[in-house]
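Coordinate inspection notes
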Amino acid sequence: MTVIYDRVALIGLGLIASSMFWAMKRGGLAGEVTGYARSAATRDTARRIGLCDRVCDTAAEAVAGADLVVLCVPVGAMGAVAAEIAPHLKPGATVSDVGSVKAAVIQAVGPHLPDNVHFIPAHPLAGTEHSGPESGFATLFDNRWCLLVPVEGTDADALDRLSRLWAGMGANVDTMEADHHDLVLAVTSHAPHLIAYTMVGVADDLRRVTDSEVIKYSAAGFRDFTRIAASDPTMWRDVFLTNKEATLEILGRFTEELFALQRAIRTGDGDHLHAYFTRTRAIRRGIIEAGQDTDAPDFGRVKAVR
Ligand code: NAP
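Residues numbered from 1 in each chain as written. Predicted model: local features only at pLDDT ≥ 70, side-chain atom pairs only at ≥ 80, totals over all residues. Heavy atoms only, no water.

1. Description of the layout of surface pockets
Note the following rule: Buried and open spaces are told apart on a 1 Å grid over the protein atoms alone, a cavity being a set of points where a 1.4 Å probe fits but cannot get out and a pocket being an open set with protein on both sides within 12 Å along at least five of seven lines. Residues with an atom within 4 Å of a point are the lining residues. Grid points are joined across faces, edges and corners, and a volume is the space filled by probe spheres set on the points. We count a stretch as a helix when DSSP gives it H or I for four or more residues in a row; a strand needs E for two or more, and each element gets its number in order from the N terminus. Note on residue categories: nonpolar means Ala, Val, Leu, Ile, Met, Phe, Trp, Tyr, Cys or Pro, charged means Asp, Glu, Lys or Arg, and polar means any other residue, Gly included. Domain segmentation is taken from an automatic or database assignment of domains.
The computed volume of the second largest pocket comes to approximately 240 Å³. Around the second largest pocket, the lining residues are Ala103, Ala104, Gln107, Asp179, Asp182, Leu183, Leu241, Thr242, Asn243, Lys244, Glu245 and Ala246. Where the lining of the second largest pocket is concerned, the elements lending two or more residues are α5 (103-109), α7 (178-210), α10 (233-242) and α11 (244-267). Here the residues of the lining of the second largest pocket are counted per class, giving five nonpolar, three polar and four charged. Taken together, domain 1 (5-176) and domain 2 (180-293) each give at least three residues to the lining of the second largest pocket, which thus spans both.

As structure tokens, then:
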């Protein structure tokens, strides 16, 4: 147990901030952790469940004297939060974030920060469809990636320190350039979420036609889409508004592939379908071999017993 930062401030107290708090406590990585959320209801919940050593009523109070400040709010709110805390930051402090999009956050936050702090954007590739202060847990980041996105001229010691914090919270740490991050995440996370939202929306329209049978006989494929499509609407609205170009690029390619598969179905081209599904099956094997998912049937789901 090595303390990496004496004082850490978490701004926004939802799934990611609360998981960071429990993971830092588990590893003994921070001296004192302060927290702030905009609503009194969230601050009250945090106090009730012991989330943060000290919950503050203003962001200014939370960041005062902090060695590390982590912005854990939706991407669209990052700029306003940065402007609010900027005058209260300790010289030499590191400011980071956990936003799912990086270029837009750098643009929104960077200009507000004074020259005497280190700004190191970050993105833990870990989450669930739940949100809020009570949804966090200490093991969320275990064996998941955390991508650090250092801007030009980033201090090597500050970067190393933040890397050690994420490693201490269980993550595998890597660095990536912002635009590349946004393209990779458009493929691996953002476009798949949009497709899931769309499929569940289509099923919802059809529900009226099929008289609720879509829900009653919900099978694995659709059920898995509904889990993804239950993700926080504010967070995902902001992801698509701020990672517009990369997401549209990937959706364009997706549409082309979809048309090709549609044609194969219409023309009865079984070879095309079989070759395609063989290629995609190999990708699933690669994810399991990389330790990023379980090989257990049905994603290791425990069957609900009634
Ligand atoms: P969350 O559970 O919904 O919590 C969001 C927090 O931000 C809440 O404390 C909320 O305050 C606050 N907030 C919301 N809108 C705000 C605004 N306009 N101004 C100031 N504060 C605001 O969210 P989360 O899942 O922890 O996500 C936080 C960040 O992590 C997002 O940028 C997201 O992109 C990123 N991220 C999420 C995941 C995931 O799977 N969930 C994974 C990786 C990264 P109140 O409670 O007071 O309303």
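2. What about the sheet that holds strand β6 (residues 118-120)?
Quick note on the threshold: Between any two strands, at least two bridges found by DSSP are needed for them to pair.
Strand order in the open sheet formed by six strands is β3-β2-β1-β4-β5-β6, and the pairing between neighbours is parallel. The two strands at the open ends of the sheet, each matched to only one other strand, are β3 (54-55) and β6. Strand direction decides the pairing type here: strand β1 (residues 5-11) and strand β2 (residues 30-36), joined by six bridges, are parallel. What sits directly across from Ala9, in β2, is Thr34.

3. Comments concerning the packing of α11 against helix α12 (residues 270-289)
Where we set the bar: Only the stretch in contact is used when fitting a helix axis, every axis being a line fitted to C-alpha atoms; angles between N-to-C directions are given from 0 to 180 degrees. We call two directions roughly parallel when the angle between them is under 35 degrees, roughly antiparallel when it is over 145, roughly perpendicular when it lies between 65 and 115, and oblique otherwise. The contact criterion used is simple: two residues touch if any of their non-hydrogen atoms lie within 4.5 Å.
It is the contact of α11 with α12, at a shortest axis distance of 9 Å, that shows an interaxial angle of 140 degrees. As judged from the angle between their axes, α11 and α12 are oblique. Of the residues in α12, those touching α11 at Glu257, Ala260, Leu261, Ala264 and Ile265 are His272, Leu273, Tyr276 and Arg279. Taken together, the residues that form the contact of α11 with α12 break down as six nonpolar, one polar and two charged.

4. Considerations on the side chain of Ser19
Heads up, the condition is: Remark: exposure states derive from per-residue accessible area (1.4 Å probe, protein chains only) relative to the maximum for the residue type, with buried under 20%, exposed over 50%, and partly exposed in between. Whenever a nitrogen or oxygen atom comes within 3.5 Å of another N or O atom, the pair is scored as a polar contact, on the condition that within protein one atom can donate a hydrogen and the other can accept it, and that pairs from neighbouring residues in sequence are kept only if both atoms are in side chains.
Relative to the helices and strands, Ser19 is located in helix α1 (residues 15-27). Residue classification places Ser19 among the buried positions, given a relative accessible area of 0%. For Ser19, the side chain forms a polar contact with the main-chain oxygen of Leu15, separated by 2.8 Å. Apart from residues lying up to four places away in sequence, Ser19 is in contact with Gly136, Phe137, Ala138, Leu140 and Phe141.

5. Structural notes on the side chain of His190
On the secondary structure map, His190 appears in helix α7. Residue class for His190 comes out buried when judged on its relative accessible area of 0%. Only 3.4 Å separates the side chain of His190 from the backbone oxygen of Ser100, close enough to count as a polar contact. Non-local contacts of His190, meaning those with residues more than four positions away in its chain, are made with Ser100, Val101, Leu185, Trp236, Val239, Phe240, Asn243 and Thr247.

6. Notes on the site of the ligand
Rule in force here: Residue proximity to a molecule or strand is established when one non-hydrogen atom of the residue lies within 4 Å of it. With residues, only the protein chains shown are counted as cover, and all accessible areas are computed by Shrake-Rupley using a 1.4 Å probe.
Neighbouring the ligand are 26 residues, the closest being Ser39, Thr42, Val73, Ser100 and Gly132. Ser100 places a side-chain nitrogen or oxygen 2.6 Å from an oxygen atom of the ligand. Protein coverage of the free-state accessible area of the ligand, which is 910 Å², stands at 83%. Listed by contribution, the elements that provide at least two residues to the shell around the ligand are α1 and β7 (122-124). Residue composition of the shell around the ligand, by class: 14 nonpolar, 11 polar and one charged.

7. Examining the sheet that holds strand β9 (residues 172-175)
Sheet strands associate in pairs through backbone hydrogen bonding, adopting either a parallel or an antiparallel arrangement. With mixed pairing, three strands are arranged side by side in an open sheet as β7-β8-β9. Edge strands, defined here as strands with exactly one partner in the open sheet, are β7 and β9. Across the sheet, the mean angle from the axis of one strand to that of its neighbour is 20 degrees, orientation sign disregarded. In this sheet, strand β8 (residues 145-148) lies alongside β7 in antiparallel orientation, the contact comprising three bridges. Along β8, the bridge assignment pairs Ala122 with Leu148. Helix α6 (residues 156-168) rests against β7, β8 and β9 of the sheet, and its axis sits at about 165 degrees to β8.

8. Regarding the domain arrangement of the protein
Threshold: Two parts lose some accessible area (1.4 Å probe) when they are put together, and adding that loss for both gives the buried area. The term salt bridge refers to a pairing of a side-chain nitrogen on Lys or Arg with a carboxyl oxygen on Asp or Glu at a separation within 4 Å.
You can read the domains of the protein as domain 1 (5-176) and domain 2 (180-293). On a C-alpha basis, the centroid separation for the pair domain 1 and domain 2 is 30 Å. Taken residue by residue, the interface counts 18 residues in domain 1 and 17 residues in domain 2. Interface area for domain 1 against domain 2, summed over the two sides, is near 1400 Å², with a carbon-plus-sulfur share of 59%. The largest contributions to the domain 1 side of the interface with domain 2 come from Val101, Glu129 and Met176, which together make up 36% of the buried area. Of the charged contacts in the structure, one is a salt bridge between Arg227 and Glu129, with a shortest N-O distance of 3.2 Å. The tally of links from domain 1 across to domain 2 stands at nine residue pairs in polar contact (both at pLDDT 80 or more). Each residue belonging to the side of domain 1 that touches domain 2 can be placed in one class, and the counts come to 10 nonpolar, five polar and three charged.

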